[in-house]
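Chains, contacts and geometry: an overview
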Amino acid sequence: MPEPDDAGPLSPLPAVGARASREMAFTVEAVARFAALVGDHNSIHLDPEAAARTQFGRPIVHGMFVAGLISAVIGEELPGLGSIYLGQTLRFEAPVYVGEMVAATVEVTAVRESRRIVTLRTECHNTAGVRVISGEAVVKVE
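It should be emphasised that the depicted structure is a prediction, and the values quoted were computed from it without experimental measurement. (Residues numbered from 1 in each chain as written. Predicted model: local features only at pLDDT ≥ 70, side-chain atom pairs only at ≥ 80, totals over all residues. Heavy atoms only, no water.)

We now examine the environment of arginine 112. Take arginine 112: it is sitting in strand β3 (residues 101-112). Measuring from C-alpha to C-alpha, the distance between arginine 112 and leucine 13 comes to 9.3 Å, with 99 residues separating the pair along the chain. (Helix = DSSP H or I, 4+ residues; strand = E, 2+ residues; numbered from the N terminus.)

So, on to the pattern of salt bridges. Counting across every chain of the model gives 5 salt bridges. The residue glutamate 107 makes a salt bridge to arginine 19 at a minimum N-O spacing of 3.2 Å. One end of the pair, glutamate 107, is in strand β3; the other, arginine 19, is in strand β1 (residues 19-25), with 88 residues separating them in the sequence. Between glutamate 107 and arginine 121 there is a salt bridge whose closest N-O contact spans 3.3 Å. On the criterion of sequence distance, the pair formed by glutamate 107 in strand β3 and arginine 121 in strand β4 (residues 117-126) is long-range, its members being 14 residues apart. The partly exposed category is assigned to arginine 121, whose relative accessible area is 39%. (Salt bridge = Lys/Arg side-chain N within 4 Å of Asp/Glu carboxyl O. Buried < 20%, exposed > 50% of the residue type's maximum accessible area, 1.4 Å probe, protein only.)

Let's shift gears to the environment of threonine 127. Structurally, threonine 127 can be placed in the loop between β4 and β5 (131-141). A relative accessible area of 67% means that threonine 127 is categorised as exposed. Taking the C-alpha atoms as reference, threonine 127 lies 7.7 Å from glutamate 100; in sequence the two are 27 residues apart.

In this description, an aromatic ring pair is defined by two values, namely the gap between the centres and the angle between the planes. The full count for this structure, using the stated rule, is 2 aromatic pairs. Centroid distance phenylalanine 26 to phenylalanine 65: 4.9 Å. Interplanar angle 90°. Geometry classified as edge-to-face. In this pair, phenylalanine 26 is assigned in the loop between β1 and α2 (28-38) and phenylalanine 65 in helix α5 (residues 63-76), connecting sequence segments 39 residues apart. Exposure class is identical for phenylalanine 26 and phenylalanine 65. Each is buried. A centroid spacing of 4.6 Å and a plane angle of 5° characterise the contact between phenylalanine 34 and phenylalanine 65, whose relative ring orientation is stacked. (Phe/Tyr/Trp six-rings, centres within 6.5 Å; stacked < 30°, edge-to-face > 60°.)

Here we take up α5. With 14 residues, α5 extends 21 Å between its outermost C-alpha atoms, agreeing within 8% with the 20 Å of an ideal straight helix rising 1.5 Å per residue. Inspection of α5 places Phe65, Val66, Ala67, Leu69, Ile70, Val73 and Ile74 among the buried residues, and these make up the whole buried set. Residues of α5 that are buried make contact with β1, α2, β2 (83-92), β3, β4 and β5. (Expected span 1.5 Å × (residues − 1). Contact = heavy atoms within 4.5 Å.)

Worth remembering: the numbers are spatial, not functional.
If you want it as structure tokens, here you go:
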């Protein structure tokens, strides 16, 4: 790994309590594109008639697609560019229905300055305020 002098200055570490969030609408088209990209064509996500026969009653968004919104916040906003995922726990607490808007929020809960490692509380909520995903991420900040 290059020394900081060789690679340029390091990004500043965020403070404990720093927060960032981002919203996204999970449209029918976006869900179909995600299914095609990852190869998960489960009818619960794509077929309204099949989904109607499940406990959800209508199509739901892939949980990992919703969780990807957390990654976008981490990689683009907090800690931001140069963040490298070391780990992420996820707890899927409620479904996200196709067509819903979701906000992902990350909050810094710990900073290990010597290793440049940041721990983040990660949550996603729908517009009704229902938490749909919770978890914790650990990232290295370059």
